[in-house]
Amino acid sequence: MMKIAYISTYVPQRCGLATYTFHLRQAILGSKHWRGSDPVIVLTDSDADVPSEPLHWPLIRNDEDAYEKMAHRINSSDVDVVSLQHEFGIFGGEAGAYILKLIRNLKKPLITTFHTVFEYPMSPYAPIQQEIAEHSSKIIVMNRKAIDYLHHSFRIPKEKIHFIPHGTPQGDAENRHKIREMLGWKDRKVLMTFGLLSRGKGIELMLKVLPEVAKKIPNVLYAIVGQTHPGVVKHEGETYREELQSMIRRFGIEEHTVMIDRYLEESDLIKHLIACDVYITPYPGMQQITSGTLAYAVGLGRPILSTPYCYAQDLLAEYPELLIPFDDESAWVEKIISLLENDLSLKSWSKKIAEIGETMHWAEVGKQHQRLFAEVSRVELANR
């Protein structure tokens, strides 16, 4: 049976990539119908940060020599295929350059999932990404636009690049009313934004438009869910959260906002997403190539409103009316009101979004990965 080694952060680390890799590994194991398991090369700050499990191989991110040693360990193992979950910030060296030491010494076939792709890549990121792409047998992206970006930037053949959607859980929609009651949202029209709190996510926009929305929808509630980003806390404490709280008081919308300042385990996040009426990503930056939070909301069949950033454009391509320019406050007010005041419209949008979400559930995404990994493994065996 084909054995896969994953290179990534991994649970219990509180990191979106760690959670993603955990679910991907479980989904592929499910699609293989295999009782065994696959090793994970876990990026860590020290050996002590990784649970003492035989299938978790620690790779200390800032130890450059450790990357070459890990390549030799993989080469001498019974691993058939290596899955690199690539994000520049998780590896050591400038722009994560240390990972190149591993892939230059790797003799097993490499399949890379790029979680970040730039339309116009620049140094120091561009040469690193190009070399990784050249060493990879296949490349996986979660945004169809990324295929053209990689092809035009690095002349990677399009047939080498495969689109597989971001995996998502399936929720218990039948218990939605019970969950809403538990959260205290039973009689509210809930807008929700989720993620580690930091500047540049457009939350200020929502606070600005909320007073006008509240005039028409008096039971509206905007839920800003998630703890402050650790990097933000390190550099400025809770200054940003306090600025948002000050805005809320200044606009007189205390009764229409709630800030849930804590880390949500995935099961808790799913409950909040299921319970909200409209999920919103009001990001001002247009280049974001993926968004795990938007993917989860779509996978759970929640109505969406978003700025037209790269991932939202691709994921919601069938429904451009759900994409609103960041600087058009009146359009945001109008669209939010039109959705929240019409329960039939909300149900209709939930059904439409759920149809997209069905293609993104982990069971389906795991099958697609498994087929691609098996194809690469067969080619490698045939060429020996």
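Attention here is on the structure that accompanies the text. As the structure is a computational prediction, the values presented were derived from the model and not from experiment.

Next up on the list: the overall build of the chain. Summing up its helical and strand segments, the chain has 15 helices and 12 strands in all. Relative to a compact globule of 384 residues, whose C-alpha radius of gyration would be 21 Å, the chain shows 22 Å and is just as compact. When burial is assessed residue by residue, the chain has 55% of its 384 residues classed as buried. Sequence-distant contacts in the chain: of pairs separated by 6 or more residues, those separated by 24 or more amount to 72%. Only carbon and sulfur atoms are counted for the fraction: they give 50% of the accessible area of the chain, which is about 17,200 Å².

Attention now moves to the side chain of Lys3. Looking at where Lys3 falls in the secondary structure, it is placed in the segment before β1 (4-8). In this structure the side chain of Lys3 is engaged in a polar contact, spanning 3.4 Å, whose partner is the side chain of Asp78.

Let us now look at helix α2 (residues 64-75). For α2, the full list of buried residues reads Ala66, Tyr67, Met70, Ala71, Ile74 and Asn75. Among the structural elements, β2 (40-44), β3 (56-60), β4 (81-86) and α3 (99-105) are those in contact with the buried residues of α2.

Moving on, we come to the side chain of Ser377. Structurally, Ser377 is set in helix α15 (residues 362-382). Judged by relative accessible area, Ser377 falls into the buried class, the value being 10%. In contact with Ser377, other than residues within four places in its own chain, are Met2, Asp80 and Val81.

In this section: the layout of surface pockets. When its volume is computed, the largest pocket comes out at roughly 1,800 Å³. Surrounding the largest pocket, 46 residues form its lining, Cys15, Gly16, Leu17, Leu196 and Thr293 being those nearest its centre. Every element with two or more residues in the lining of the largest pocket is listed here: α1 (16-32), α10 (266-275) and α11 (292-299). Looking at the lining of the largest pocket, the element that brings in the most residues is α1, giving 5 residues. Residue composition of the lining of the largest pocket, grouped by class: 18 nonpolar, 20 polar and 8 charged. A volume near 590 Å³ is recorded for the second largest pocket. Around the second largest pocket, the lining is made up of 27 residues, and of these Arg176, Ile274, Arg302, Lys347 and Ser350 lie nearest the centre.

Enumeration over the complete set of coordinates arrives at 17 salt bridges. Here Asp148 ties to Lys158 by a salt bridge, and the two come within 2.8 Å at their closest N and O atoms. Taken together, the positions of Asp148 in helix α5 (residues 145-154) and Lys158 in the loop between α5 and β7 (161-163) put the pair 10 residues apart, joining distant regions of the chain. Residue Asp148 is classed as partly exposed on the basis of its relative accessible area of 31%. Under the relative-accessibility criterion, Lys158 is labelled partly exposed at 39%. Note that Arg241 is salt-bridged to Glu238, the shortest N-O span being 3.4 Å. Residue class for Arg241 comes out buried when judged on its relative accessible area of 4%. Overall, Glu238 belongs to the partly exposed group, its relative accessible area being 28%. Shared partners join several salt bridges into a network, and the residues in it are Arg176, Arg180 and Asp277.

The next point concerns the packing of helix α6 (residues 176-183) against α10. Interaxial distance between α6 and α10 falls to 9 Å at its minimum, and their mutual angle equals 105°. Relative to α10, α6 is oriented roughly perpendicular. Here α6 contributes Arg176, Ile179, Arg180, Met182 and Leu183 to the contact with α10, which in turn contributes Lys271, His272, Ile274 and Ala275. Residues belonging to the contact of α6 with α10 are distributed by class as follows: 5 nonpolar, 1 polar and 3 charged.

The next point concerns the sheet that holds strand β11 (residues 278-281). Taken in spatial order, the 5 strands make up an open sheet running β10-β9-β8-β11-β12, and their pairing is parallel. Among the strands making up the open sheet, the edge pair consists of β10 (257-260) and β12 (304-306). Geometrically, the sheet is characterised by an average inter-axis angle of 20° between neighbouring strands, direction not taken into account. As judged from the 3 bridges shared by β11 and β12, these two strands associate in the parallel manner. Looking across to β12, one finds that Thr281 is bridged to Ser306. Running at roughly 140° to strand β8 (residues 189-194), α10 makes contact with β8, β10 and β11 of the sheet.

Assignment of secondary structure puts Ala317 in the loop between α12 (310-315) and α13 (329-340). For the pair formed by Ala317 and Arg188, sequence separation is 129 residues and the distance between their alpha carbons is 29 Å.

Rules of the game
Residues numbered from 1 in each chain as written. Predicted model: local features only at pLDDT ≥ 70, side-chain atom pairs only at ≥ 80, totals over all residues. Heavy atoms only, no water. Helix = DSSP H or I, 4+ residues; strand = E, 2+ residues; numbered from the N terminus. Rg over C-alpha atoms; globule rule 2.2 N^0.38 Å. Buried < 20%, exposed > 50% of the residue type's maximum accessible area, 1.4 Å probe, protein only. Contact = heavy atoms within 4.5 Å. Areas by Shrake-Rupley, 256 points an atom, 1.4 Å probe, with all protein chains shown as cover. Polar contact = N/O pair within 3.5 Å; in protein donor to acceptor, adjacent residues only side chain to side chain. 1 Å grid on protein atoms, 1.4 Å probe; cavity = no way out; pocket = protein on both sides within 12 Å on 5 of 7 lines; lining within 4 Å. Points joined across faces, edges and corners; volume = space filled by probe spheres on them. Nonpolar A, V, L, I, M, F, W, Y, C, P; charged D, E, K, R; others polar. Salt bridge = Lys/Arg side-chain N within 4 Å of Asp/Glu carboxyl O. Axes fitted to C-alpha atoms, helices over the stretch in contact; angles between N-to-C directions. Parallel < 35°, antiparallel > 145°, perpendicular 65-115°, else oblique. Pairing = 2+ DSSP bridges.

Geometric values such as these leave the question of function open.
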